[in-house]
Amino acid sequence: MDINTRVEQIGVVPVIKLNNPERDAAPLAKALCAGGVPIAEVTFRAAGADTAIKLMKEACPEMLCGAGTVMTTEHIDKAIAAGAEFIVTPGFDPELVAYCQEKGIAIYPGCTTPTDYHAAYKFGLKVLKFFPAEQSGGLAKIKAMSAPFPMFKVMPTGGISLKNLKDYIKCPVICACGGSYMVTADLIDNGKWDEITALCRQSVEIVKEARNNG
Ligand code: 3PG
């Protein structure tokens, strides 16, 4: 199964910032997998993102781990060396997209405008991160953008929570929703692993229900 299909199947992507990967990466990976969300976008907002990816993959080899907030080719090299399977960038940077394609790793660049989508089209991308989703026009904008650009599926992140997850995931253009609501700093720093698992389970239920019942 290709990576885009795996992301779509899971349906939610926790966006993670880990300040203490040695302490938190393994229990966090286990908490996500226990909740039915074997995927993580580990952001380079914290310096040790590559260490976190490596430790999460070691703890849960079945998990799909990607790197987020990727800003440079050095980040991409570090992420690949750590075992990352996809790269997420906040905006559209053609140099980073080309570099990922050269290295053979999936890239989901942040896109919210027709100009971004045009640029992504030139690179033959199929899945885009729509970021920041709520602040950029939310569902209405995602739907409007899909009229001229039906070739893309999007992964909105930014402002998604248990409250609006169902509305987003019901939209056929959306393959998965990203967010930090199930992996907040409070939950991670205080080791609230059971709560993280519970939030993942709730999210998976919402995705399942939305996909089954529309
Ligand atoms: C991201 O990088 O995808 C966002 O910061 C996540 O947004 P959220 O914190 O509003 O979920």
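Residues numbered from 1 in each chain as written. Predicted model: local features only at pLDDT ≥ 70, side-chain atom pairs only at ≥ 80, totals over all residues. Heavy atoms only, no water.

Novice: Go over the sheet that holds strand β2 (residues 39–43) with me, naming the residues and quoting the values.
Specialist: Through backbone hydrogen bonds, the strands of a sheet pair up, either in parallel or in antiparallel fashion. On the basis of which strands lie adjacent, the open sheet formed by 6 strands has the order β5-β4-β3-β2-β1-β8 and parallel pairing. The open sheet has two free edges, formed respectively by β5 (106–109) and β8 (177–179), since each of these has just one partner strand. Pairs of neighbouring strands in the sheet enclose a mean axial angle of 25 degrees, with direction left out of account. The pairing of β2 with strand β3 (residues 64–68) spans 5 bridges and is classified as parallel. Its bridge partner being in β3, Thr43 is matched across the sheet by Gly68. (Pairing = 2+ DSSP bridges. Helix = DSSP H or I, 4+ residues; strand = E, 2+ residues; numbered from the N terminus. Axes fitted to C-alpha atoms, helices over the stretch in contact; angles between N-to-C directions.)

Novice: For the site of the ligand, give the residues involved together with the corresponding values.
Specialist: In the vicinity of the ligand, the contacting residues are Val15, Arg45, Lys129, Phe131, Thr157, Gly158, Gly159, Gly179 and Ser180. Arg45 has a polar side-chain atom sitting 2.3 Å from an oxygen atom of the ligand. Thr157 places a side-chain nitrogen or oxygen 2.6 Å from an oxygen atom of the ligand. Of the pockets mapped on this structure, the ligand occupies the largest pocket. Here the residues of the shell around the ligand sort into 2 nonpolar, 5 polar and 2 charged. (Near = heavy atom within 4 Å. Polar contact = N/O pair within 3.5 Å; in protein donor to acceptor, adjacent residues only side chain to side chain. 1 Å grid on protein atoms, 1.4 Å probe; cavity = no way out; pocket = protein on both sides within 12 Å on 5 of 7 lines; lining within 4 Å. Sits in = over half its atoms within 2 Å of the grid points. Nonpolar A, V, L, I, M, F, W, Y, C, P; charged D, E, K, R; others polar.)

Novice: Lay out the pattern of salt bridges with the relevant residues and their values.
Specialist: Within this structure, the stated rule accounts for 8 salt bridges. In this structure, Lys153 and Glu8 form a salt bridge, with 3.1 Å as the shortest nitrogen-oxygen distance. Of this pair, Lys153 sits in strand β7 (residues 153–156) while Glu8 sits in helix α1 (residues 3–10), and the two are 145 residues apart along the sequence. Judged by its relative accessible area of 28%, Lys153 is partly exposed. Where Glu85 meets Lys57, a salt bridge forms, and the shortest distance between an N and an O atom there is 3.0 Å. With Glu85 in the loop between α4 (73–82) and β4 (86–89) and Lys57 in helix α3 (residues 49–59), this pair connects stretches of sequence that are 28 residues apart. Glu85 gets classed as partly exposed once you look at its relative accessible area, which sits at 25%. The exposure class assigned to Lys57 is buried, which follows from its relative accessible area of 17%. (Salt bridge = Lys/Arg side-chain N within 4 Å of Asp/Glu carboxyl O. Buried < 20%, exposed > 50% of the residue type's maximum accessible area, 1.4 Å probe, protein only.)

Novice: Quick one: what's the story with the nonpolar core, residue by residue and with numbers?
Specialist: The biggest cluster of nonpolar side chains holds 81 residues, and the ones touching the most others in it are Leu28, Leu32, Met56 and Ile196. Here the element with the most residues in this core is helix α10 (residues 193–213); it accounts for 8 residues. When sequence neighbours within four positions are dropped, the list of residues in contact with Leu28 reads Ile16, Leu18, Met56, Val183, Ile188, Trp193 and Ile196. (Core = buried A, V, L, I, M, F, W, Y, C linked by side-chain atoms within 4.5 Å. Contact = heavy atoms within 4.5 Å.)

Novice: Lay out the environment of Tyr121 in plain terms, naming residues and giving numbers.
Specialist: Tracing the backbone shows Tyr121 in helix α6 (residues 114–122). For the pair Tyr121 and Met151, spaced 30 residues apart in sequence, the C-alpha separation works out to 8.4 Å. Contacts of Tyr121, omitting those with residues within four sequence positions, involve Met151 and Phe152.

Novice: Before we move on, could you go through unusual backbone geometry and cite the residues and values that matter?
Specialist: Across the junction of Phe131 and Pro132, the peptide omega takes the value -10 degrees, indicating a cis bond. For Pro132, the location among the structural elements is in the loop between β6 (127–130) and α7 (138–146). Despite not being glycine, Thr69 has its phi angle at roughly 50 degrees, a positive value. With respect to the helices and strands, the residue Thr69 is situated in the loop between β3 and α4.

Novice: Can you tell me about the packing of aromatic side chains, naming the residues and giving the values?
Specialist: Scanning all chains against the criterion turns up 5 aromatic pairs. With centroids separated by 6.2 Å and ring planes inclined at 40 degrees, the aromatic side chains of Phe149 and Phe152 adopt a geometry described as tilted. The class for Phe149 is buried, based on a relative accessible area of 7%. According to the relative accessible area criterion, Phe152 is buried, its value standing at 3%. When the ring centre of Phe131 is taken as origin, the NZ or CZ atom of Lys129, which lies over that ring, is 4.8 Å away. (Phe/Tyr/Trp six-rings, centres within 6.5 Å; stacked < 30°, edge-to-face > 60°. Lys NZ or Arg CZ within 6 Å of the ring centre and 35° of its normal.)

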